[in-house]
Amino acid sequence: MEKEIWLKLKIWKKSKKMNKKKSLKNFNTFRVDVFCDNFLEIKREQDLISFFEKNKRRNFLILGGGSNILFSKNFKGTILKNKLKGIKILKKENGNIFLEAGSGENWHNLVYFCMRKNFWGLENLALIPGEVGGAVFGNIGAYGLEIKDKIFSVEVYDMEKKKTKVYKNTKKFFSYRNSYFKKNRGRFFILKVVFKLSEKFEPILRYKDLKEVFKNKNKEKITGKNIFEAVVKIRKKKLPDLQKFPNNGSFFKNPEISKKISSEILKIDPEVKFWEQENGKIKISAGYLIESIGFKRKKIGNVGTYQKHALVLINFGEAKGSKIKKFSEKIKREVFKKYGILLEEEVFIV
Ligand SMILES: Cc1cc2nc3c(=O)[nH]c(=O)nc-3n(C[C@H](O)[C@H](O)[C@H](O)COP(=O)(O)OP(=O)(O)OC[C@H]3O[C@@H](n4cnc5c(N)ncnc54)[C@H](O)[C@@H]3O)c2cc1C
């Protein structure tokens, strides 16, 4: 009898442990202290398959480095924390390197690995927080390059069809901070990514800050390592230190509008900063719009904009996710009131 009670107690304790609510404070770069009902580490594809076999209707969220997610409340469901690791050289062919990376690899570590091996192509994207899966999902971009330009294929687990599939990269797959996977949120778990890199280095100096660094240097003499180091240096100078100022990088996307609308905007504010795109559209600086509504260095409670860049929202203390969300909604309302432009979040609000 005693043994039976002891066994029941053991089972009860085990089930309590499995369902124990877990704080996500160390799993999101806003450092918002919210809880999830369940937390499951995905170390192998089989972990995913088992999860979906057992939990047909379960609410879930895939989590990478948490650098593009704002938790505005506790998450009522299971967090699938990506732990799929591994970097493998698949083949070298005609000066190209086909490199496979597990989606749970840290993004910057992968860029650093490539730099050390003289595999070129990713160096302009150094020091972006997060993991490989999150980077592909959101088609990260910086300093004149988007990740899409270096992706050869993406292997996913299709959670609807319950099978793995490899997608070759095509032009239709990615757009500005968007991907086929993001458009079908909740359907695909990105497992592995193959990058097509090069043994021959070709500098990308489209972005003005990089152009400025190398303006007196002969293009032939610039190395990939030079670019990697310059990007790291510029980013450290421009962006807030995540340890001191928890944030998610750019909170909003830079709005893309037609030429016709841009001339209307210029009538409202002739100082507006914009760039012409290859697709004929005009991209407006969301940072400028936010500053122009008086949100430069604005702070409400523990939430505010970064002093050097109004597009970056900061958790200055123990701000709740709901307060950060509220602050962002205020920005959206004010920008819309002044310019008639509806800002779209780059950050995913849960
Ligand atoms: C200081 C700072 C600077 C930044 N600078 C830049 C920049 O220059 N350029 C830029 O583009 N971004 C930038 N970001 C944003 C962010 O780093 C990127 O979007 C990053 O790639 C997100 O990756 P993550 O692993 O943190 O994703 P998470 O935040 O964990 O997740 C983001 C989204 O991707 C989904 N996801 C994650 N992994 C997978 C997977 N394996 N399969 C399917 N879905 C998945 C999640 O469900 C979620 O919807 C910056 C952020 C910070 C904090």
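About the thresholds
- Residues numbered from 1 in each chain as written.
- Predicted model: local features only at pLDDT ≥ 70, side-chain atom pairs only at ≥ 80, totals over all residues.
- Heavy atoms only, no water.
- Core = buried A, V, L, I, M, F, W, Y, C linked by side-chain atoms within 4.5 Å.
- Buried < 20%, exposed > 50% of the residue type's maximum accessible area, 1.4 Å probe, protein only.
- Helix = DSSP H or I, 4+ residues; strand = E, 2+ residues; numbered from the N terminus.
- Contact = heavy atoms within 4.5 Å.
- Pairing = 2+ DSSP bridges.
- Axes fitted to C-alpha atoms, helices over the stretch in contact; angles between N-to-C directions.
- Expected span 1.5 Å × (residues − 1).
- Phe/Tyr/Trp six-rings, centres within 6.5 Å; stacked < 30°, edge-to-face > 60°.
- Lys NZ or Arg CZ within 6 Å of the ring centre and 35° of its normal.
- Domains from an automatic or database assignment.
- Salt bridge = Lys/Arg side-chain N within 4 Å of Asp/Glu carboxyl O.
- Near = heavy atom within 4 Å.
- Polar contact = N/O pair within 3.5 Å; in protein donor to acceptor, adjacent residues only side chain to side chain.
- Areas by Shrake-Rupley, 256 points an atom, 1.4 Å probe, with all protein chains shown as cover.
- Nonpolar A, V, L, I, M, F, W, Y, C, P; charged D, E, K, R; others polar.
- pLDDT = per-residue confidence, 0-100.
- Arc of directions from axis to C-beta.

Core analysis: the biggest nonpolar cluster contains 46 residues, and W107, V136, I147, F181 and F195 have the highest contact counts within it. Of all elements in the fold, only β7 (96-102), α3 (107-117), α4 (132-137), β10 (151-158), β14 (188-198) and α7 (224-238) reach the threshold of two or more residues within this core. Tallying contributions element by element places α7 first for this core, with six residues. Core analysis: the second largest hydrophobic core is formed by 40 residues, L63, I284, Y288 and Y339 among them.

The next point concerns the side chain of E146. Examined against the element boundaries, E146 turns out to sit in strand β9 (residues 145-146). Residue E146 is classed as buried on the basis of its relative accessible area of 19%. Not counting chain neighbours up to four residues away, the residues in contact with E146 comprise L125, N139, I140, G141, S175, Y176 and R177.

A few words now on the sheet that holds strand β21 (residues 309-315). If you walk across this open sheet you meet the four strands as β15-β21-β20-β19, and the pairing is antiparallel. Bordering the open sheet on either side are β15 (247-250) and β19 (299-300), each of which pairs with just one other strand. Bridging between strand β20 (residues 303-306) and β21 involves four bridges; their strand directions are antiparallel. Directly across from Y306, in β21, lies its bridge partner H309. Relative to β20, helix α10 (residues 321-339) is tilted by about 60 degrees, and along the sheet it contacts β19, β20 and β21.

A few words on α10. Its 19 residues place the ends of α10 27 Å apart at the C-alpha level, agreeing with the 27 Å of an ideal helix rising 1.5 Å per residue. Directly after α10, the chain includes G340, whose backbone phi takes a positive value near 75 degrees.

On to the packing of aromatic side chains. For the structure on display, the rule yields 25 aromatic pairs. Taking the centre distance of 5.1 Å and the plane angle of 85 degrees together, the rings of F98 and F152 count as edge-to-face. Here F98, found in strand β7, pairs with F152, found in strand β10; they are 54 residues apart in sequence, far enough to count as distant. Pairing Y167 with F173 gives two aromatic rings, centres 5.4 Å apart and planes at 50 degrees, and the pair type is tilted. By the burial criterion, Y167 is buried, and F173 matches it. Ring-pair connections join several aromatic residues into one group, and the members of that group are Y167, F173, F174, Y180, F181 and F188. Seen from the ring of F98, K91 lies directly overhead, with NZ or CZ sitting 4.9 Å from the centre.

Moving on, we come to the domain arrangement of the chain. Many analyses report the size of an interface as the accessible area lost when the parts associate. By domain assignment, the chain separates into domain 1 (2-82), domain 2 (87-238) and domain 3 (247-349). Each of domain 2 and domain 3 was reduced to a C-alpha centroid, and the two centroids are 26 Å apart. Each partner contributes residues to the interface: domain 2 has seven residues there, and domain 3 has seven residues. In this structure, the connection of domain 2 to domain 3 is made through one salt bridge. A salt bridge links E346 to R177; the nearest nitrogen and oxygen atoms lie 3.4 Å apart.

Neighbouring the ligand are 34 residues, the closest being I62, G64, S67, N68 and R185. A distance of 2.9 Å separates an oxygen atom of the ligand from a polar atom in the backbone of G66. In isolation the ligand offers 980 Å² of accessible surface; the protein chains occlude 94% of this area. Looking at the shell around the ligand, the elements that each hand over two or more residues are β3 (60-63), α4, β8 (141-142), β14 and β15. Broken down by element, the residue count for the shell around the ligand peaks at four residues, all from α4. Per-class residue counts for the shell around the ligand are 14 nonpolar, 15 polar and five charged.

Model confidence for the chain is summarised by a mean pLDDT of 92, while 94% of its residues fall at 70 or above. In the model, residues 14-19 has pLDDT below 50 throughout and makes three contacts with residues more than four positions away in sequence or in other chains.

Another aspect to go through is helix α2 (residues 45-54). For α2, the complete set of buried residues consists of D47, L48, F51 and F52. Taken around the axis of α2, the buried residues stretch over an arc of 125 degrees, which confines them to a single face. Among the exposed residues of α2, those oriented more than 90 degrees off its buried face are E53 and K54. Close packing links the buried residues of α2 with β2 (35-42), β3, β5 (75-82), β10 and β14.

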